[in-house]
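Okay, here's what each chain looks like letter by letter:
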Amino acid sequence: RPATSASPPRHSGATMGAGASAAPAGAIPTTKEEALAAGFSEEQVDAFMTDLEEYKTVCADYFKALDQDHNGQLDIDEIKLLFTVSGCPPPVVEMMASQAMQMADTNNDGVVS
């Protein structure tokens, strides 16, 4: 499905009605209520949420495919596999896998889970 190209209206800074929830000006909405208050339509928010669920499923499928030992974690060799099968030359594989691990291994335990 193609991405929605419509942009939400800019937040005017106008005061919301009593009880309305809105993200601070310039902040990315993190709830449906904030997105609606920021000017996104109900249809845009619902489409985004549907797409997000599809992306999460695809990511989980890729994770499972890369998890060669089926331990629920990706180590550096499994991450290298991603870049190798993508056609990256060996020096690029090393660099990209290292960068990916640095970004994704948030607790520095050497694996991504």
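It should be emphasised that the depicted structure is a prediction, and the values quoted were computed from it without experimental measurement.

> Would you mind showing me how to read the overall build of the protein chain here?
The helix and strand tally for the protein chain stands at 4 helices and 0 strands. Reading the protein chain from its N end, one meets helices and strands in the order α-α-α-α. Here the protein chain, with 113 residues, has 16% of them falling under the buried criterion. Counting contacts in the protein chain only where the partners sit at least 6 residues apart, residues at least 24 apart contribute 36% of the total. With an accessible surface of roughly 8200 Å², the protein chain has 59% of that area assigned to carbon and sulfur atoms.

> I'm lost on helix 4 (residues 90-104) in this one. Help?
An α-helical turn contains 3.6 residues, so a residue and the one three or four places further along point in the same direction. End to end, helix 4 covers 21 Å across 15 residues, agreeing with the expected 21 Å (1.5 Å per residue, within 8%). Contacts from the buried residues of helix 4 go to helix 3 (76-85).

> Could you clarify how one ought to interpret a nonpolar patch on the surface in this entry?
Taken together, Phe48, Met49 and Leu52 make up a surface patch of nonpolar side chains, about 280 Å² in accessible area. Note on placement: methionine 49 falls in helix 2 (residues 42-66). Given a relative accessible area of 40%, methionine 49 falls into the partly exposed group.

> Please clarify how the pattern of salt bridges should be interpreted in this entry.
Proximity of charged atoms lets side chains of opposite charge pair with each other. Taken as a whole, this structure holds 5 salt bridges when the rule is applied. Here aspartate 46 ties to lysine 32 by a salt bridge, and the two come within 2.9 Å at their closest N and O atoms. Pair noted here: aspartate 46 is in helix 2 and lysine 32 is in helix 1 (residues 32-37), with a separation of 14 residues, a long-range link. Note that glutamate 53 is salt-bridged to lysine 56, the shortest N-O span being 3.3 Å. Of this pair, glutamate 53 and lysine 56 both sit in helix 2, 3 residues apart, roughly one helical turn.

> Please explain the nonpolar core as it appears in this structure.
A general tendency of soluble globular proteins is for nonpolar side chains to be buried together. Core analysis: the largest hydrophobic core is formed by 8 residues, namely Leu66, Leu74, Ile79, Phe83, Val93, Ala97, Met101 and Val112. At the level of elements, helix 3 and helix 4 are the ones that each hand at least two residues to this core. The leading source of residues in this core is helix 4, at 3 residues. Dropping the residues within four chain positions of it, alanine 97 is found in contact with Ile76, Ile79, Lys80 and Phe83.

> What is the right way to look at the confidence of the model for the protein chain in this model?
Caution applies to low-pLDDT parts of the model: their predicted coordinates are not meant to be read in detail. Counting all residues, the mean pLDDT for the protein chain is 81, and 77% of those residues have values of 70 or more. Confidence over residues 1-20 falls short of pLDDT 50; this stretch has 16 contacts with residues more than four positions distant or in other chains.

Parameters and conventions
Residues numbered from 1 in each chain as written. Predicted model: local features only at pLDDT ≥ 70, side-chain atom pairs only at ≥ 80, totals over all residues. Heavy atoms only, no water. Helix = DSSP H or I, 4+ residues; strand = E, 2+ residues; numbered from the N terminus. Buried < 20%, exposed > 50% of the residue type's maximum accessible area, 1.4 Å probe, protein only. Contact = heavy atoms within 4.5 Å. Areas by Shrake-Rupley, 256 points an atom, 1.4 Å probe, with all protein chains shown as cover. Expected span 1.5 Å × (residues − 1). Patch = residues over 30% accessible without salt bridge, like charges linked within 9 Å, V, L, I, M, F, W, Y side chains within 5 Å. Salt bridge = Lys/Arg side-chain N within 4 Å of Asp/Glu carboxyl O. Core = buried A, V, L, I, M, F, W, Y, C linked by side-chain atoms within 4.5 Å. pLDDT = per-residue confidence, 0-100.

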